[in-house]
Amino acid sequence: MEHIGGAVTKTMNRCLFLSRGVHKKKLFLSKSRVSFSLNNRNLSLFCPKPLNTPFYKLGSPLASKFILQGNICRYCSMASQHELPLDTPIIYLKCEEAFAGLTSRERRYAHHLSRASWWGGLIVLCQTSPESPTIFSLLTRVLRSQPIETLKDIAVNKVGFTEDEFKLLIIYYSGLVYNLGNYLGFGDRKFVPSVSREKLEALIKASKAYLEAPDVIQNYLNRGLGPLYNLEENKRFLGMPTTGVTMYFTPNCTQEDADLAKEYMAARNIEAWNNRLLKYEENGQVVYDIRLASIEKGEANGITVENDEFQGHKFRVSRGDYSFFLKKMTDELKLAKEYCANDGEVHMLDKYIESFTKGCVQAHKDGSTFWVKNKSPAVETYMGFIEVYRDPTNQRAEFESFVAVVNREQSRKFDTLVSRAEKEFLPLLPWGKDFEEDVFMRPDFSSLDILTFASSGLPIGINIPNYKDVKEEQGFKNVSLTNVMAARTGIKGGPFLSESDHALREKHGALGLEIQVGLHELLGHGCGKFLRRKDDGKLNFDPAKVKNPYTGGEASFYEKGENYNSRFTNLASAYEECRAETVALYLGLVNDILDVFAVPDGDREDLKYVMWLDMMYAGLRGLEMYQPSQGKWGQAHSQARYVILRVALEAGGDLVKIVETTGDDGLPDLILSLDRKKIEDVGHKAMGEFLRKLQIYRSMGDSDAGRAMFEKYSEVPSEGPFPFAKWHEIVVRKRRPRMVLAMPNTRVVGDEVELVSYPESYDCVAKSWVERFSPQDFDSLETAIMSHIDSWTK
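Here's a quick rundown of the structure.

### Observations regarding the overall build of the chain
Next up, step 1: Counting its regular elements, the chain contains 26 helices and 25 strands.
Next up, step 2: In the chain, which comprises 794 residues, the proportion classed as buried is 60%.
Next up, step 3: Intrachain contacts of the chain at a sequence separation of at least 6 include 73% that bridge at least 24 residues.
Next up, step 4: Carbon and sulfur atoms provide 48% of the accessible area of the chain, an area that totals close to 30,800 Å².

Laid out in structure tokens, this is it:
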């Protein structure tokens, strides 16, 4: 293959010019092909979509690489921020060995938990965007109605798809079901098919699904096709109306409505985890309806409120959201109870069932307590409304459920880290005992191989539950997702680093990531005290002794009804992730911790360097998640790592350098470098001072000081020595696609449960999904999911 470097810089009179490579050669356009002559060869440039789409605007630089295959010059890099490219890594998440190690009873338990998870995961479609359920129903019906190879034959031979276009359509569907919606779980950015609307509609109308049920499919097309491709400014990212898309608030809600609801819930001691806010008129009066997720509908003492006046406004607390999916889920949980390993697991599932049935957060907290106390089970699971990243106010949670098998060998390392944490490692953190928990609740830290993860994407480590009172009084668990990390570290290379740095990352990256995840989850999310007033009215600290170290005055604290999320609101997730990441960076330099992970003496300095380099690199690459048009960040972890990079740059001494260069393609490029000699003095000092402020502001609930500091480092300047606003275009242009993971299914055969695996291929995610439910179950879930969308604002 021959590479032709170039970027589209101008379109005139249906001609196109390249900045390099084919320099100033006229390229004649014909829909999605460009014909030109180079070196006495007649060539064709194939683009995945017509050149009159918004991406191919006058003067808009494209990605810089084309691959010449015969007479076809294929555009192989990422075309648009809002498309999933042809080279998206589709990876099968392996857990066969771990599953084989389970007993027959444990496999049956895992099977029913997995079924429950997949049913519950469909809620996320309803939490993402108004069109996600329709798109899912439409494309899944098309793909499950006939074999994918048969559909491909129709697409290529009857509708006029190229093979790449069909592959891109399957990649789009894979992204849709992996993220459980048409917005990326990491970045909150909408993605659309790379195939034209006309071709997609033609394929659907030529499919067996359309022939079998033309009225149903036409209804889906009428409702879903327009929103599917809509990339208007206020549809590109999740966010508060009217600048973004959210399902946690009806479209007529404003930020002022969200603030009012927050005040009401704090006054009434209502936690927002499992609700959303509806605003509508009733008898000429505006009603704010806090809708709880539950199977049961109607009034319930202590849970619902029919009418409540607050600051001159009418509030209501109702329930019944996602009833169908929660009922299917609890049916499977009742079956799973028959295969529990102990009474604690039975009580845990009973409380989950109660919570999902009634809409009661306290029941889920009680279930979480049983879960925390269930140490090192063979089959691990947690489910509910867990993470608040996608609510624009960081209060309401997305549904999440996972089922995993404990990797006992890997877990032993983390057991040692846990046992030594309280006396050896926590005292090394830079804020002193006044701002640390009185008693460290030793968590169960397990290394897991994921069997099922139903949510908007897979993390590599988790610290849960997220209930601060449960964590403080009962403890928590940390989990490291071994097979997810293995999939991630299998992806090599990337822009902005030297070859020598990439070589070091390839050698030490897997172990460095394992250590970082352990420190992030255990000592990052697991440390630090919240100064608060307890339910009995007493403070959990001595105000005569504990003062604000920055003012010398009284330390502020959280009152009853308040929590970290309600104080720090839209900044809460990024701020907390930054604190956990900085803890990992700070403690990753401690040799005693590296001993726990059996790091050889000769590798220690390289490993420390790689862990710090990875963080700085993630901060630069995370700039992709910044949204210039709205002036905000679309992903908490990316914002957190960018802030850490800014702190390192501010530390001075050329600890970190970012230099603008010219790449091999002739376009602007960047090189990031880290001075390893300055990590343990300049770097360690800067991160320690920053980390102390992060924790103390968090402990005291001082959101004003915390916000001022964090927002300063979150800024994306257009001028100065580090013009990140200018560099944003470079980072976006050179971004790499995120992996999409396929997960297995389970099925009962006789008295045994079998694992259904999927050979790694571009369509393995799609195949796993069309086999996930029976045809009858698919029909019923389509009805339920469309019914929810018909009534989601009422």
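Back to the write-up after that little detour.
### Comments concerning the packing of helix α22 (residues 679-700) against helix α23 (residues 703-714)
Next up, step 1: Closest axis-to-axis distance for the α22/α23 pair is 9 Å, and the angle between their directions is 140 degrees. Taken together, the axis directions place α22 and α23 in an arrangement best described as oblique. Between α22 and α23 the crossing geometry is left-handed. Seen from α22, the contacting residues are Phe 690, Lys 693, Leu 694 and Tyr 697; seen from α23, they are Ala 705, Gly 706, Met 709, Phe 710 and Tyr 713.
Next up, step 2: Across the contact of α22 with α23, the residue classes break down as seven nonpolar, one polar and one charged.

### Topic: the pairing of strand β12 (residues 305-310)
Next up, step 1: Relative to strand β13 (residues 313-321), β12 runs antiparallel, the two being bridged by four bridges. Looking at β13, one finds that Val 305 is bridged to Val 317.
Next up, step 2: With antiparallel pairing between neighbouring strands as the criterion, β12 and β13 make up a hairpin whose turn holds two residues, including Gln 311 at a positive phi of roughly 50 degrees.

### Details of the sheet that holds strand β10 (residues 275-282)
Next up, step 1: Across the sheet, four strands lie side by side as β10-β11-β13-β12; this open sheet has mixed pairing. Where the open sheet ends on each side, the last strands, each with one partner, are β10 and β12. Averaged over all neighbouring strand pairs, the angle between strand axes comes to 30 degrees, with direction disregarded.
Next up, step 2: Bridge analysis of strand β11 (residues 285-293) against β13 gives seven bridges, and the strand direction is parallel. If you follow Val 287 over to β13, its bridge partner there is Lys 314.

### Focus: the pattern of salt bridges
Next up, step 1: For the structure on display, the rule yields 55 salt bridges.
Next up, step 2: For Glu 605, the salt bridge goes to Lys 608, with nearest N and O atoms at 3.4 Å. Of the two residues, Glu 605 and Lys 608 both sit in helix α20 (residues 604-621), three residues apart, roughly one turn of that helix.
Next up, step 3: On the accessibility criterion, Glu 605 (45% relative accessible area) is partly exposed.
Next up, step 4: Judged by its relative accessible area of 4%, Lys 608 is buried.
Next up, step 5: In this structure, Glu 711 engages Arg 707 in a salt bridge whose closest nitrogen and oxygen atoms are separated by 3.0 Å. Placement of both Glu 711 and Arg 707 in helix α23 is noted, with a separation of four residues, approximately one turn of the helix.
Next up, step 6: For Glu 711, a relative accessible area of 39% gives the class partly exposed.
Next up, step 7: By relative accessible area, which is 21% here, Arg 707 ends up partly exposed.

### Side note on helix α15 (residues 482-489)
Next up, step 1: Of all the residues in α15, the buried ones are Thr 482, Asn 483, Val 484, Met 485 and Ala 487.
Next up, step 2: Of the surrounding elements, those touching the buried residues of α15 are β9 (90-92), α13 (408-425), β16 (444-454), β18 (477-481), α16 (499-524) and β23 (740-742).

### Description of the nonpolar core
Next up, step 1: In terms of nonpolar packing, the biggest core is built from 126 residues, with Phe 136, Ile 450 and Trp 769 touching the most fellow members.
Next up, step 2: Broken down by element, this core gets its largest block of residues, eleven residues, from helix α2 (residues 104-128).
Next up, step 3: In contact with Ile 450, other than residues within four places in its own chain, are Leu 93, Cys 95, Phe 402, Val 403, Ala 404, Leu 458, Leu 481, Asn 483, Val 484 and Met 743.
Next up, step 4: Among the nonpolar cores identified, the runner-up in size contains 92 residues, and Cys 578, Val 583, Leu 587 and Val 590 belong to it.

### Observations regarding the environment of Asp 536
Next up, step 1: Along the chain, Asp 536 turns up in the loop between α16 and α17 (564-568).
Next up, step 2: According to the relative accessible area criterion, Asp 536 is exposed, its value standing at 52%.
Next up, step 3: Linking Asp 536 and Lys 560, residues 24 residues apart in sequence, is a C-alpha distance of 9.4 Å.

### A few points about the pairing of β10
Along any regular strand, the residues point their side chains to alternate faces of the sheet.
Next up, step 1: Taken across its eight residues, β10 has six buried, putting it largely inside the fold.
Next up, step 2: With eight bridges connecting them, β10 and β11 associate as antiparallel partners. Within the sheet, the bridge partner assigned to Glu 281 lies in β11 and is Val 286.
Next up, step 3: As consecutive antiparallel partners, β10 and β11 are separated by two residues, and within that stretch Asn 283 has a phi angle of approximately 55 degrees, a positive value.

### Considerations on the layout of surface pockets
Next up, step 1: Considering only enclosed or pocket space, the second largest pocket measures out at about 1,200 Å³ in volume.
Next up, step 2: Looking at which element gives the most residues to the lining of the second largest pocket, the answer is helix α12 (residues 361-373), with five residues.
Next up, step 3: Looking at the lining of the second largest pocket, its residues break down into 16 nonpolar, 14 polar and 14 charged.

### Points about helix α10 (residues 323-336)
Next up, step 1: An ideal rise of 1.5 Å per residue puts 20 Å on 14 residues; α10 measures up with 20 Å between its terminal C-alpha atoms.
Next up, step 2: By the burial criterion, the buried members of α10 are Ser 323, Phe 325, Leu 326, Met 329, Thr 330, Glu 332, Leu 333 and Ala 336.

### Examining empty space enclosed by the protein
Next up, step 1: Within the structure shown, the criterion is met by six cavities of 30 Å³ or more.
Next up, step 2: Approximately 160 Å³ is the volume found for the largest cavity.
Next up, step 3: Looking at the largest cavity, it is lined by 14 residues, and the ones nearest its centre are Glu 437, Lys 471, Glu 472, Gly 526 and Gly 528.
Next up, step 4: Sort the elements by how many residues they give to the lining of the largest cavity and helix α14 (residues 468-473) lands first, with three residues.
Next up, step 5: Class assignment of the residues belonging to the lining of the largest cavity gives a composition of six nonpolar, three polar and five charged.

### Remarks on the packing of α16 against helix α18 (residues 572-587)
Next up, step 1: Remark: α16 packs on α18, axes separated minimally by 8 Å, with the N-to-C direction vectors making an angle of 120 degrees. The orientation of α16 with respect to α18, classified from their angle, is oblique. Seen along the crossing, α16 lies across α18 with a hand that is right-handed. Residues Gln 516, Leu 519, His 520, Leu 523 and Gly 524 of α16 form the contact with α18, whose own contacting residues are Glu 576, Glu 577, Arg 579, Ala 580, Glu 581, Val 583, Ala 584 and Leu 587.
Next up, step 2: Looking at the contact of α16 with α18 residue by residue, the class counts come to six nonpolar, three polar and four charged.

Parameters at a glance
- Residues numbered from 1 in each chain as written.
- Predicted model: local features only at pLDDT ≥ 70, side-chain atom pairs only at ≥ 80, totals over all residues.
- Heavy atoms only, no water.
- Helix = DSSP H or I, 4+ residues; strand = E, 2+ residues; numbered from the N terminus.
- Buried < 20%, exposed > 50% of the residue type's maximum accessible area, 1.4 Å probe, protein only.
- Contact = heavy atoms within 4.5 Å.
- Areas by Shrake-Rupley, 256 points an atom, 1.4 Å probe, with all protein chains shown as cover.
- Axes fitted to C-alpha atoms, helices over the stretch in contact; angles between N-to-C directions.
- Parallel < 35°, antiparallel > 145°, perpendicular 65-115°, else oblique.
- Left-handed = near helix turned anticlockwise from the far one by under 90°.
- Nonpolar A, V, L, I, M, F, W, Y, C, P; charged D, E, K, R; others polar.
- Pairing = 2+ DSSP bridges.
- Salt bridge = Lys/Arg side-chain N within 4 Å of Asp/Glu carboxyl O.
- Core = buried A, V, L, I, M, F, W, Y, C linked by side-chain atoms within 4.5 Å.
- 1 Å grid on protein atoms, 1.4 Å probe; cavity = no way out; pocket = protein on both sides within 12 Å on 5 of 7 lines; lining within 4 Å.
- Points joined across faces, edges and corners; volume = space filled by probe spheres on them.
- Expected span 1.5 Å × (residues − 1).

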